[in-house]
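The lines below spell out each chain.
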Number of protein chains: 2
Amino acid sequence: MNIKNMLGDHHVKPYLLKARYGIEKEGQRVDLLGNLAKTDHPKTISINDEHPYIQRDFSETQMELITPVTETLEELFSYLSAIHDVAYQSMGVDEMLWPLSMPPQLPENEDDIIIAKLKNFSNVLYRRYLSRSYGRRKQMISGIHYNFEFSEELIQALFNLQSEIKEYAQFKTEIYLKITRNYLHYRWLITYFYGASPSSEKNFFEKTSLNEPVRSIRNSKHGYSNHEDLQVSFSSIQSYIADISLMVKKGVLIEEKEFYSAVRLRGGQQVSALEEQGVRYVELRNIDLNPFDKNGISYEQAEFLHLFLIYLLWKDEGENRDEWVKTGDVYNEIVALEHPLTHTQFKGDAEDIIAEMEHLVKELDLSVSDRLFVNLKEMLRDPSKTLAGRLYKMSEHSSQGEVATSIAIENHKKSWEKPYQLTGYTDMELSTQILIFDAIQLGIQVEILDRREQFLKLKLKDHVEYIKNGNMTSKDSYISTLIMENKTVTKKILHQHGFRVPLGDEFNDIEQALHAFAMFSSRPFVVKPKTTNYGLGISIFKENASYEDYQKAITLAFEEDSSVLVEEFLNGTEYRFFVLNDKVEAVILRTPANVIGDGKHTIEELVIQKNRDPLRGRDHRTPLEMIQLGELENLMLKGQGYKMDSIPESDKIIYLRKNSNVSTGGDSIDVTDQIPDDYKKIAVHAVSAIGAKISGIDLIIEDLEVPAAHKNAYGIIEANFNPSMYMHIYPYKGKSRRVSRHILYYLFPELV
Amino acid sequence: MNIKNMLGDHHVKPYLLKARYGIEKEGQRVDLLGNLAKTDHPKTISINDEHPYIQRDFSETQMELITPVTETLEELFSYLSAIHDVAYQSMGVDEMLWPLSMPPQLPENEDDIIIAKLKNFSNVLYRRYLSRSYGRRKQMISGIHYNFEFSEELIQALFNLQSEIKEYAQFKTEIYLKITRNYLHYRWLITYFYGASPSSEKNFFEKTSLNEPVRSIRNSKHGYSNHEDLQVSFSSIQSYIADISLMVKKGVLIEEKEFYSAVRLRGGQQVSALEEQGVRYVELRNIDLNPFDKNGISYEQAEFLHLFLIYLLWKDEGENRDEWVKTGDVYNEIVALEHPLTHTQFKGDAEDIIAEMEHLVKELDLSVSDRLFVNLKEMLRDPSKTLAGRLYKMSEHSSQGEVATSIAIENHKKSWEKPYQLTGYTDMELSTQILIFDAIQLGIQVEILDRREQFLKLKLKDHVEYIKNGNMTSKDSYISTLIMENKTVTKKILHQHGFRVPLGDEFNDIEQALHAFAMFSSRPFVVKPKTTNYGLGISIFKENASYEDYQKAITLAFEEDSSVLVEEFLNGTEYRFFVLNDKVEAVILRTPANVIGDGKHTIEELVIQKNRDPLRGRDHRTPLEMIQLGELENLMLKGQGYKMDSIPESDKIIYLRKNSNVSTGGDSIDVTDQIPDDYKKIAVHAVSAIGAKISGIDLIIEDLEVPAAHKNAYGIIEANFNPSMYMHIYPYKGKSRRVSRHILYYLFPELV
């Protein structure tokens, strides 16, 4: 079996970079001064030992963030970033995550390290055993576990190229065993580049501490490792299984999972299953937290690990397999304990490996980030560029603890800066970002089925729901959304149910529409395209319209759509009611773009000031849009006798637009508590008449003091099957209404 | 109250032609020879006394077709034509409707006229009473009842212009009383123009018969009228109510509805309610069946009636109201009994009225059909142009009975010519036309909410369902249709549920797509835009593709959509499964446009022959499309070594297209019974995995003999949320599957 040749085969090459990934990342919760948190795991995260994304590891303060399995590194990092955002915002503003593998200063008395308060008692017992066996301090070390699986296509293609091994499962196992042994042999290279635990904080070492900084305490004998009497061979799957079973039997390990190798072979619940089922993937456990990446690991590192595993598959291993692994342990211990600013004693070997890897990448047509090899070579040339080197150098001026604290504060700030955004998903619609946030927090598994289309699969235990655009679900019927999509049909149905809607007609023909002028001319009326977008093609006639103006309006509207509505104009204020499952969850009032005078600043300055609100941005990626200062705004000012540099008096409201769309700089104001119940009932009953469950319905109300039952007290303009949720969640003024969360509770009533 | 001035007011004028209409049309069922049918009311029409569209009147053979209330004459005639089509096809090919008011030849023994076999016994009793009171022969006369209601806006506007009458209901009543008295006075004009019962058939008159033909037996004393001792005054609503009540009390009438005036005042269940509630509309009952219109009344007649009613509202009436009505009776009797080819003795009055009407139309800006007044004047000038005149003249050469029979046969032919089309709705989609047909037949009320959008409201008693495009309903969830709309998401979900789908990737970027070439090149694969229309932009690579061809295919696909799929090509035949509520209702196989040689005709001739099938047409208004003979077809022929004028040998199948779309002339072949159950189960389970209730799902099956459970026995291409239904209902070959009817039974399970 010539694996080197096989990798270059054209059936194999296309699949080399296809793989499945998963990351687990531990980290300690600390307060804003960098002290270990004294609080419990945040209650906003559903307190569930089995939470798919955010759990506790050894201690109550040790958060473990877990990504789902992904098929690309991009998705992997999207999840990891998003879970970080959720973790941060769930902890609240007074806490943050410690960015280092080595814990912050620990309590003097080891017993003050609180074991995770899990519901499952056997999990607590296991942690008590670990405390006794290794001491609580060591268990406080955090790190990254990187799960990696070659694509099925790749292994299948390799399998097909050879005939020595008949069983596919066995073949897979041999592949993973080879890279595992090679990984254990060469892992000193990872320790050199990405080791990042040079020093420890107070109370980490019980008695002695290290005098000199190193590359990685965590990856040295001082770190998190099994007792030395543990012997497990990786020479074959049989010996691996036999050894681990023996260790458990002898009581050296209390459970199989206590085996803390730098690589764990995965597949099946028990190690014993690996022989029959074959190894499915490997878990690399020797990655220190990267202090310089909020995720604890950078994309470049993850990419390197993938390439390194391909290299290790390609690379010949030593003849004596056990010996080969053991030398690796020795080399790694040496490198781990080197001073972070010195060259490693294996520099020559490292350079050879990197050169071979670079050559392999070319030979196998693998596409990698431009900077990857440049950076690796730079780190070999200059040890102060390695993670340990960088951290140590920064700490020289203050202390490692202070550096860590200021990094944590920076990360904390970023997570709170634009709370409506979900890092990793900012290309998606705002409402979907917020919904993913809520789902992660509630422990609902999220799979993105179509990113551009905002199509998600949500899963809670065995219950699956699909959702698009954050509010299109299995709860609404197809026909109810088609009704809402069609203004004429919506109005007919509401009218037949006794609701007041603006009366009028639909025209599919310019001549007919013009002919109907006489029917509308004596009352205020509106001309609009049947399908409106951002208010284009709408004309309002509040007073007696002339035929000429009517003609213009009709022509304009027909330019936007082949069907045009002419209907009575209703006086009053428009409110958007967000109705969910027969309940009004939020009501918002939208006002046109405006500023309020202070007697000192010009209108232009007031606009600039107002635009500084982080809620404002561009292109619907923020809850509010920037107020523009374009032609339309200038015209509007002119109409009121102002210019850009006018200084309006105190408390004078200056409108810059006629239309109240949030998309043109308008404000959204939550008025849920101010709307009388009878109007809320109208909204609920109207949505129910359409047969809808989720709808944003627009009511014109002339006077909230007048009961809804009064004649013409209200009119219903339209119902929207895809109502913006973010307007209610991040209003300009008033209380936030987390409608996205209500939707999740509606879809998953078992959450309550 | 100067009504003449009021009608010209600009608040009134726009609403003069707004009204609500309804028609009831009676007609006798006859066999193809014109003899009264001996069969029962058709069983295909749900046998329900309360059927909203098709009922029995006096006798079992007398069909009454009823339109719903409409707001335009266009809609009125759409319904009326459609109900006729349904009536014809429900009767079956051996029966037709007699086109005359006067019945066909009646049985010698009056008792052989069968009273309608209604379920409700009091309805039967009423008919028995009528038999005794008037004789069964007279009850066999048929006619049109034309229900007319001025628009609310019109009456309201008139009401606002006056102050004499304070109560709105009373005002309405006065309006309708005035037009009623005037109508009764002037109705001889209708009898002149549209009277159409000049002679009777054998056995109509028991003893004597008329020696000479007349204009309208039905509207004369020989027709269908109350006994002469009946006296009802229309001078005020009070006297009207009092008189009718008295007549019922005295036993002159058995029920209020036995009062057969040419006009009936309507509103409220009982006549007594008219005083308080006001008259709501009038029912004009003196319209003979128009033999020359399949509907029994022409659009022009209906339009005339509307104008005539406006004219009667405008026109001053006689001072003595009762006298005014009585003179009308006398005039009408005279005109009814005039010879159909002579001028009427009131010709001068008639000309004056028509001139006044024409003047009024101009003055009030009413738009009417160009030909209306031309035709009216022509009929005054030449009595042989009136309906009675025309019918009489045609009968001179044979007999009225023979003329009626041949007209009926013509109507019958038209109704059966293109059974898939629903007259009055041919602008709508074929599937919607068929569904409306089925709904009418099943007695489900159909309201068209948006004609261009194929949006219907269906109602059975209190149960309302909305439906769009014939198959978008409340039964499907919004998300399931969004899943089907998105091929990538559909495939992911089906794959996750263990179904075989073509594996592949979605690309949103040309570079990425090109880069993936190596992954697909070694197997057959397809390149297609994510959203496909009529197969545009699809390339299939069955053998090893070159990179250049792949590049072309990718470029082509990206011209159609910004997302492109590259996926494995599945070998086999594509079948469309129509799945409804977890059951396969139909399976169709589509074959490319083709002809079969006969050793005699050229390909061109064979195409022309095949295109003669009435199922073939253009633009999706027929179940199949014409086979074209364009560039693509010529190319395809050339590839097989043929030309247009080649004469293929007997039984040789010549394909004119590669693609099997019905839209390019392909054939649809029903294979429902040939598909093994295990494949049907796959289709049902796949649709259920998507969560859909109505779906057309496309399976590629390599060999129907191979069980579906075999590896790669099938592959699922896509699921359609808007599957064509007509393909299954009118296939080119094989059994028709009335899926539209299944959908109605699914929506209204109470129908069973």
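Calculation notes
- Residues numbered from 1 in each chain as written.
- Chains lettered and ligands numbered in written order.
- Predicted model: local features only at pLDDT ≥ 70, side-chain atom pairs only at ≥ 80, totals over all residues.
- Heavy atoms only, no water.
- Helix = DSSP H or I, 4+ residues; strand = E, 2+ residues; numbered from the N terminus.
- Buried < 20%, exposed > 50% of the residue type's maximum accessible area, 1.4 Å probe, protein only.
- Contact = heavy atoms within 4.5 Å.
- Areas by Shrake-Rupley, 256 points an atom, 1.4 Å probe, with all protein chains shown as cover.
- Lys, Arg positive; Asp, Glu negative; His and termini not counted.
- Charge placed at Lys NZ, Arg CZ, Asp CG, Glu CD.
- Phe/Tyr/Trp six-rings, centres within 6.5 Å; stacked < 30°, edge-to-face > 60°.
- Lys NZ or Arg CZ within 6 Å of the ring centre and 35° of its normal.
- Least-squares fit on C-alpha atoms with pLDDT ≥ 70 in both.
- Pairing = 2+ DSSP bridges.
- Axes fitted to C-alpha atoms, helices over the stretch in contact; angles between N-to-C directions.
- pLDDT = per-residue confidence, 0-100.
- Buried area = accessible area lost by both parts, 1.4 Å probe.
- Salt bridge = Lys/Arg side-chain N within 4 Å of Asp/Glu carboxyl O.
- Polar contact = N/O pair within 3.5 Å; in protein donor to acceptor, adjacent residues only side chain to side chain.
- Nonpolar A, V, L, I, M, F, W, Y, C, P; charged D, E, K, R; others polar.

S.K.: Explain the overall build of chain A here, please?
M.R.: Within chain A, the regular secondary structure consists of 26 helices and 23 strands. Each principal axis of the C-alpha atoms in chain A carries an extent, and together these give about 100 × 60 × 50 Å. Expressed as a percentage of the 752 residues in chain A, the buried residues total 58%. Taking the intrachain contacts of chain A between residues at least 6 apart in sequence as the baseline, contacts between residues at least 24 apart amount to 72%. Accessible area for chain A stands at about 31600 Å²; split by element, carbon and sulfur atoms hold 48% of it. With 88 positive and 111 negative side-chain charges, chain A shows a separation of 3 Å between the mean positions of the two kinds.

S.K.: Explain the packing of aromatic side chains here, please?
M.R.: Here the distance between the centres and the angle between the planes together describe a pair of aromatic rings. If you walk through the whole model with that rule in mind, you get 64 aromatic pairs over all chains. Ring plane angle 80° and centroid distance 5.0 Å describe the contact between Phe204(A) and Phe205(A), whose orientation is recorded as edge-to-face. The class of Phe204(A) is buried, set by a relative accessible area of 4%. Judged by centre distance (5.9 Å) and plane angle (85°), the rings of Phe721(A) and Tyr478(B) are edge-to-face. Placement of Phe721(A) in the loop between strand E23 (714–720) and helix H25 (726–729) and of Tyr478(B) in helix H17 (residues 478–485) is noted, with the two residues assigned to different chains. For Tyr478(B), a relative accessible area of 9% corresponds to the buried category. Here the aromatic cluster, defined as three or more aromatic residues joined through ring pairs, consists of Tyr183(A), Tyr192(A), Phe193(A), Tyr194(A), Phe304(A), Phe308(A), Tyr311(A) and Trp314(A). Sitting over the ring of Trp314(A), Lys4(A) keeps its end group 4.2 Å from the ring centre.

S.K.: Which parts of the structure should I look at to understand the relation of the copies chain B and chain A?
M.R.: Between the two copies, chain B and chain A, the superposition gives an RMSD of 0.1 Å; the rotation angle is 180° and the shift along the axis is 0.0 Å. In symmetry terms, the pair is related by a two-fold rotation axis. When the interface residues of chain B are mapped onto chain A, 98% of them again fall at the interface, so both copies present the same face.

S.K.: When you look at the sheet that holds strand E9 (residues 455–460) of chain B in this model, what are you seeing that I'm missing?
M.R.: Sheets are built from strands that pair by backbone hydrogen bonding, the pairs being arranged parallel or antiparallel. The strand order across the open sheet built from three strands is E8-E9-E10 (chain B), with neighbouring strands paired in antiparallel fashion. Every other strand in the sheet has two partners, leaving strand E8 (445–450) and strand E10 (463–468) of chain B as the edge strands with one partner each. In this sheet, adjacent strand axes meet at a mean angle of 25° when their direction is disregarded. Across six bridges, E9(B) lies against E10(B) in antiparallel orientation. Within the sheet, the bridge partner assigned to Leu460(B) lies in E10(B) and is His463(B). Against the sheet, helix H17 (residues 478–485) of chain A touches E9 and E10 of chain B, its axis set at about 70° to E10(B).

S.K.: What's the story with the confidence of the model for chain A in this structure? I'm lost.
M.R.: Segments scoring low in pLDDT should not have their predicted coordinates read at a detailed level. For chain A, mean pLDDT is 93; residues scoring 70 or higher make up 99% of the total. Reported for the predicted complex are a pTM of 0.91 and an ipTM of 0.91.

S.K.: Just checking my understanding: could you explain the interface of chain B and chain A for this structure?
M.R.: Contacts between chain B and chain A engage 41 residues on the former and 42 residues on the latter. Surface buried jointly by chain B and chain A totals about 3500 Å² across both partners, of which 59% is contributed by carbon and sulfur atoms. Put simply, Asp450(A) and Lys530(B) hold a salt bridge, and the shortest N to O gap is 2.3 Å. On inspection of chain B and its partner chain A, the count reaches 22 residue pairs in polar contact (both at pLDDT 80 or more). Those elements that provide at least two residues to the side of chain B that touches chain A are E8, E9, E10, H17, helix H18 (487–496) and helix H20 (517–520) of chain B. A class-by-class count of the residues in the side of chain B that touches chain A yields 17 nonpolar, twelve polar and twelve charged.

S.K.: Looking at this model, I keep getting lost on the side chain of Thr622(A). Mind explaining?
M.R.: Residues and elements named next belong to chain A. Structurally, threonine 622 is set in the loop between strand E18 (616–617) and strand E19 (624–625). On the basis of relative accessibility, which here comes to 5%, the residue threonine 622 falls in the buried class. Separated by 2.8 Å, the side chain of threonine 622 and the backbone nitrogen of glycine 617 make a polar contact. At 2.7 Å, the side chain of threonine 622 and the backbone oxygen of leucine 624 are in polar contact.

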